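# Fold and geometry: a report
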Amino acid sequence: GQQLNQSPQSMFIQEGEDVSMNCTSSSIFNTWLWYKQDPGEGPVLLIALYKAGELTSNGRLTAQFGITRKDSFLNISASIPSDVGIYFCAGQRRGGSEKLVFGKGTKLTVNP
Amino acid sequence: NAGVTQTPKFRVLKTGQSMTLLCAQDMNHEYMYWYRQDPGMGLRLIHYSVGEGTTAKGEVPDGYNVSRLKKQNFLLGLESAAPSQTSVYFCASSYSNKRGRDTEAFFGQGTRLTVV
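All values reported here derive from a predicted model rather than from experimental measurement.

### Points about the sheet that holds strand 7 (residues 61-65) of chain A
All names here are of chain A. The antiparallel open sheet is built from five strands, whose spatial order is 1-3-8-7-6. One side of each edge strand has no neighbouring strand; the edge strands of this open sheet are strand 1 (4-7) and strand 6 (55-58). Taken over all neighbouring pairs, the strand axes of this sheet differ in orientation by 15° on average, direction set aside. In the sheet, strand 1 pairs with strand 3 (residues 19-25) via four bridges, with the strands oriented antiparallel. Bridging across to strand 3, asparagine 5 finds its partner in threonine 24.

Printed below as a string of structure tokens:
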């Protein structure tokens, strides 16, 4: 099946630092999504990207849809303790019935 | 607006027992999905449905069955539970907007299942 390679698997950072994570694929995707999962909860959407080259921000979060359509990255600036969680990328090839493919997640730990 | 609701939230089964996990969404979404989440494995798709009365296999369908008799409900069944099915199960729903783009998937809070 389709694979998304998400890196890094885990990150340990100090409060105030910036964070960067990315996803790559051997296949082209038409949609890239970034989710965050808090402990004991379901994933919640952070940012949705629909166009190659698109750069979208949501507060301290910025995500980009790679120009080749095979990658995406997520940046978090000035991290705070509540940024702790697992971040997932997800890709979708086209609209309609195409299912989402998820990366394996990046576990973020922020030390105060 | 409840969104996506999963029941039960926790369950312990003995090997060989059967059970059904219920997912209900009140957003009139066409598409519904069942994922399992295991440490280090991310979210893996078990089965999904693109509309009432239709289901399809995902990445890891073995040992599970599903039904979508009503648009708002998506049931996941385990006929004979095995310890390998110990996991956290997530249901999600989504729809296509007028431009034909899929919207993001909305997730339930998960069902933690332990098979002993």
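### Quick word on the sheet that holds strand 7 (residues 65-67) of chain B
All names here are of chain B. Pairing is antiparallel in the open sheet, where four strands are placed in the order 1-3-8-7. For this open sheet the edge positions go to strand 1 (4-7) and strand 7, each flanked by a neighbour on one side alone. Taking the axes of each pair of neighbouring strands and ignoring which way they run, one obtains an average angle of 20° across the sheet.

### Overview of the packing of aromatic side chains
Any two aromatic rings considered together are summarised by their centre-to-centre distance and by the angle between their planes. Under the criterion given, the structure shown has eleven aromatic pairs over all chains. An angle of 40° between the planes, with centres 5.8 Å apart, marks the rings of B:Tyr35 and B:Phe107 as tilted. Of this pair, B:Tyr35 sits in strand 4 (residues 31-38) while B:Phe107 sits in strand 10 (residues 106-107); the two residues are 72 residues apart in sequence, bridging distant segments of the chain. For the pair shown, B:Tyr35 and B:Phe107 are each scored as buried. Ring geometry for B:Tyr64 versus B:Tyr89: centroids 5.8 Å apart, planes at 65°, classification edge-to-face. Of this pair, B:Tyr64 sits in the loop between strand 6 (54-57) and strand 7 while B:Tyr89 is found in strand 9 (residues 87-94), placing the two residues 25 residues apart along the sequence. The pair B:Tyr64 / B:Tyr89 is uniform in exposure class, with both members buried. One aromatic cluster in this structure is built from A:Tyr35, A:Phe88, A:Phe102, B:Tyr33, B:Tyr35, B:Tyr48, B:Phe90 and B:Phe107.

### Observations concerning the state of the cysteines
One pass over the structure, following the stated rule, counts two disulfides over all chains. The disulfide partner of A:Cys23 is A:Cys89, and the gap between their sulfur atoms is 1.6 Å. In this structure, the disulfide formed by A:Cys23 and A:Cys89 twists by about -70° around the S-S bond and is classed as left-handed. Placement of the pair is A:Cys23 in strand 3 and A:Cys89 in strand 9 (residues 85-92), with a sequence separation of 66 residues. Across the disulfide from B:Cys23 sits B:Cys91; the S-S distance is 1.9 Å. Residues B:Cys23 and B:Cys91 are joined through a disulfide that is left-handed, its torsion about the S-S bond being -75°. Here B:Cys91 lies in strand 9 and B:Cys23 lies in strand 3 (residues 19-25), a separation of 68 residues in the sequence.

Scoring rules and cut-offs
- Residues numbered from 1 in each chain as written.
- Chains lettered and ligands numbered in written order.
- Predicted model: local features only at pLDDT ≥ 70, side-chain atom pairs only at ≥ 80, totals over all residues.
- Heavy atoms only, no water.
- Pairing = 2+ DSSP bridges.
- Helix = DSSP H or I, 4+ residues; strand = E, 2+ residues; numbered from the N terminus.
- Axes fitted to C-alpha atoms, helices over the stretch in contact; angles between N-to-C directions.
- Phe/Tyr/Trp six-rings, centres within 6.5 Å; stacked < 30°, edge-to-face > 60°.
- Buried < 20%, exposed > 50% of the residue type's maximum accessible area, 1.4 Å probe, protein only.
- Disulfide = S-S within 2.5 Å.

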